Amino acid sequence: MQHARRLARLCLLVCLALAGCLSFPSAPAAQEPSPASPLSTIALPTSPAGPLPEVTFSDLVVRRGDEQDEWIVLGMAHNKSTSALESVAVRVELLDASGAATGETTVLLPLSVLQPGTFSPFMVRSEQAEGPAAARASLESFQFSFEAAPHISLGTVYTTELPGEVLVRGTVHNDGTQPMRVRDVVVAWRDASRALRGLAVATIPGATLPADGSLPWIADAPGTSPATRFEVFVAASPVDSAGESLLVVTDGPTWRVTSQGKGFATGALRNAGSAPILPQVAIAVSAAGRPVSLEILQSSIPLQPGETLTFAADQFPGLQATLQSLDADNAEIALKAYVQG
């Protein structure tokens, strides 16, 4: 599973043959910027005139990458100012033994909004033949944000070991009285010496988080183990009102099993509004009171007013491995759909 995996495979089903395996056409997955990608072609935000906010950088670690001459720098940004910031760009310099810069890269923080007093991990990849002795980070640019600080909490983080990776999952809970829009969930982890080792941007539903509600998230953490300590960072924004959803789940989601024993979820959406909608549906799987997996389907074709779209999902990351670890089976699966137009 790659960063921010979104399985964009929402399809109209003409018939459902429960006796055999089903295959569904899929649309190309939406491309999202990686937290490790340099801003070589992305326009940087324009910083407002005046004193710079106090943003400090710590936990800088330089590690060798997977490719030849590739170096990875991980660090933590801390907003010590009294203002919320967004589109924060960080300049990271590689240093030689004398402290001279041998190269630099600029990246955006993976958290789109950095509230006062909060942290965001970051990661950059650079190429140079000589191994750097250290790294230095500084504030490159930013914009002030008018987003109010959200009242949220995080549920327990659960892990499942898969071949070559660990699946990490959890929930974000809205502790406030206003609906929320969860912008980003970023997961970081450290090694035995407490040095930063990696980060991943989690997949989250686009649905509005109502007051006293929860949204699931899921991410993969390559190179970790189930015993790894994970740190979760969230950016969320209050919205005036959740409003009445114009995209309605009219059927399901229902868990079905083919004659070969493969499970999948089905359901249907209807556009109850008066304008076309590009629908997204996230299907969350839970068992034994724990989040198990999450698949997000997104259509590239607008759903017209009054139209119904039937969906099916069968690519839930880590589903079988997690069910086995919980000593659960298909009969104990519970499903919940989160829709967004």
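Not measured: the values here are computed from a predicted model.

The next thing to look at is the overall build of the chain. For the chain, the helix and strand inventory stands at one helix and 20 strands. For the chain, with 341 residues in total, the buried portion stands at 48%. For the chain, long-range pairs separated by at least 24 residues make up 71% of all intrachain contacts whose partners lie at least 6 apart in sequence. In the form shown here, the chain has an accessible surface area of approximately 16100 Å², with 50% of it arising from carbon and sulfur atoms.

Mapping Pro48 onto the fold places it in the segment before strand S1 (55–64). Judged by relative accessible area, Pro48 falls into the partly exposed class, the value being 32%. The spacing of Pro48 and Phe144 is 96 residues in sequence and 7.8 Å in space, taken between C-alpha atoms. Setting aside chain neighbours within four positions, we find Pro48 in contact with Phe142 and Phe144.

What follows is about the pairing of strand S10 (residues 165–174). For S10, the tally of buried residues reaches eight of 10 residues, placing the bulk of the element in the interior. Relative to S10, strand S8 (residues 152–154) runs antiparallel, the two sharing three bridges. Pairing of Ser153 across the sheet is with His173, part of S10. Two successive antiparallel strands, strand S9 (residues 158–162) and S10, enclose a turn made up of two residues, where Gly164 displays a positive phi of approximately 80°. Relative to strand S13 (residues 214–220), S10 is paired through seven bridges, and the arrangement is antiparallel. Of the residues in S13, the one forming a bridge with Arg169 is Ile218.

For the coordinates displayed, the defined rule picks out eight salt bridges. The closest approach of N and O atoms between Arg190 and Glu231, which form a salt bridge, is 2.6 Å. Residue Arg190 is found in strand S11 (residues 180–190), and its partner Glu231 is found in strand S14 (residues 230–238); the two are separated by 41 residues along the sequence. Members of the salt-bridge network, linked through shared partners, are Asp59, Arg190, Arg194 and Glu231.

A word on the sheet that holds S14. One open sheet accounts for three strands, arranged S12-S11-S14; its pairing is antiparallel. If you trace the sheet from one side to the other, it starts and ends with strand S12 (196–201) and S14, each paired once. For this sheet the average axis-to-axis angle between neighbouring strands, irrespective of direction, equals 20°. Note that S11 and S12 share five bridges and pair antiparallel. Paired with Val186 across the strands is Val201, a residue of S12.

Its location among the elements puts Gln115 in the loop between strand S5 (113–114) and strand S6 (119–127). In terms of polar contacts, Gln115 uses its side chain to reach the backbone carbonyl oxygen of Glu147, at 3.2 Å. Those residues in contact with Gln115 that lie beyond four places of it in its chain are Asn79, Ala84, Glu147, Ala148, Ala149 and Pro150.

A few words on the nonpolar core. Core analysis: the biggest nonpolar cluster contains 29 residues, and Val182, Val185 and Trp217 have the highest contact counts within it. Sorting the residues of this core by element identifies S10, S11, S13, S14, strand S17 (280–287) and strand S18 (290–298) as the ones contributing at least two each. If you look at the next biggest cluster of nonpolar residues, it comprises 21 residues, including Leu297, Ala313, Leu323 and Ile333.

Turning our attention to the sheet that holds strand S19 (residues 308–313). Pairing within the open sheet is antiparallel, and its three strands lie in the order S15-S16-S19. Each end of this open sheet is capped by a strand with a single partner; those strands are strand S15 (247–257) and S19. Adjacent strand axes in the sheet meet at a mean angle of 15°, parallel and antiparallel pairs treated alike. Sheet topology note: the strand S16 (residues 263–271)/S19 ladder contains six bridges and is antiparallel. Residue pairing for S19: Arg270 is matched across the bridge by Thr308.

What follows concerns unusual backbone geometry. Going from Gly252 to Pro253, the amide bond is cis rather than trans, its omega being 5°. Looking at the secondary structure, you find Pro253 in strand S15. Positive phi, normally seen in glycine, also occurs at Asp69, with a value near 65°. When you line up the elements, Asp69 lands in the loop between S1 and strand S2 (70–79).

Under the counting rule described, the total for this entry stands at four aromatic pairs. The interplanar angle of 80° and the centroid separation of 5.2 Å between the aromatic rings of Phe142 and Phe144 together place this pair among those described as edge-to-face. Residue class for Phe144 comes out partly exposed when judged on its relative accessible area of 35%.

In terms of burial, S18 is largely enclosed, as seven of its nine residues are buried. Pairing geometry for S17 and S18, over eight bridges, is antiparallel. Among the inter-strand pairings, Gln280 is bridged to a residue of S18, identified as Gln298. Where S17 folds back on S18, the antiparallel hairpin that results is connected by two residues, among which Ala288 adopts a positive phi of roughly 55°.

Rules used throughout
Residues numbered from 1 in each chain as written. Predicted model: local features only at pLDDT ≥ 70, side-chain atom pairs only at ≥ 80, totals over all residues. Heavy atoms only, no water. Helix = DSSP H or I, 4+ residues; strand = E, 2+ residues; numbered from the N terminus. Buried < 20%, exposed > 50% of the residue type's maximum accessible area, 1.4 Å probe, protein only. Contact = heavy atoms within 4.5 Å. Areas by Shrake-Rupley, 256 points an atom, 1.4 Å probe, with all protein chains shown as cover. Pairing = 2+ DSSP bridges. Salt bridge = Lys/Arg side-chain N within 4 Å of Asp/Glu carboxyl O. Axes fitted to C-alpha atoms, helices over the stretch in contact; angles between N-to-C directions. Polar contact = N/O pair within 3.5 Å; in protein donor to acceptor, adjacent residues only side chain to side chain. Core = buried A, V, L, I, M, F, W, Y, C linked by side-chain atoms within 4.5 Å. Phe/Tyr/Trp six-rings, centres within 6.5 Å; stacked < 30°, edge-to-face > 60°.

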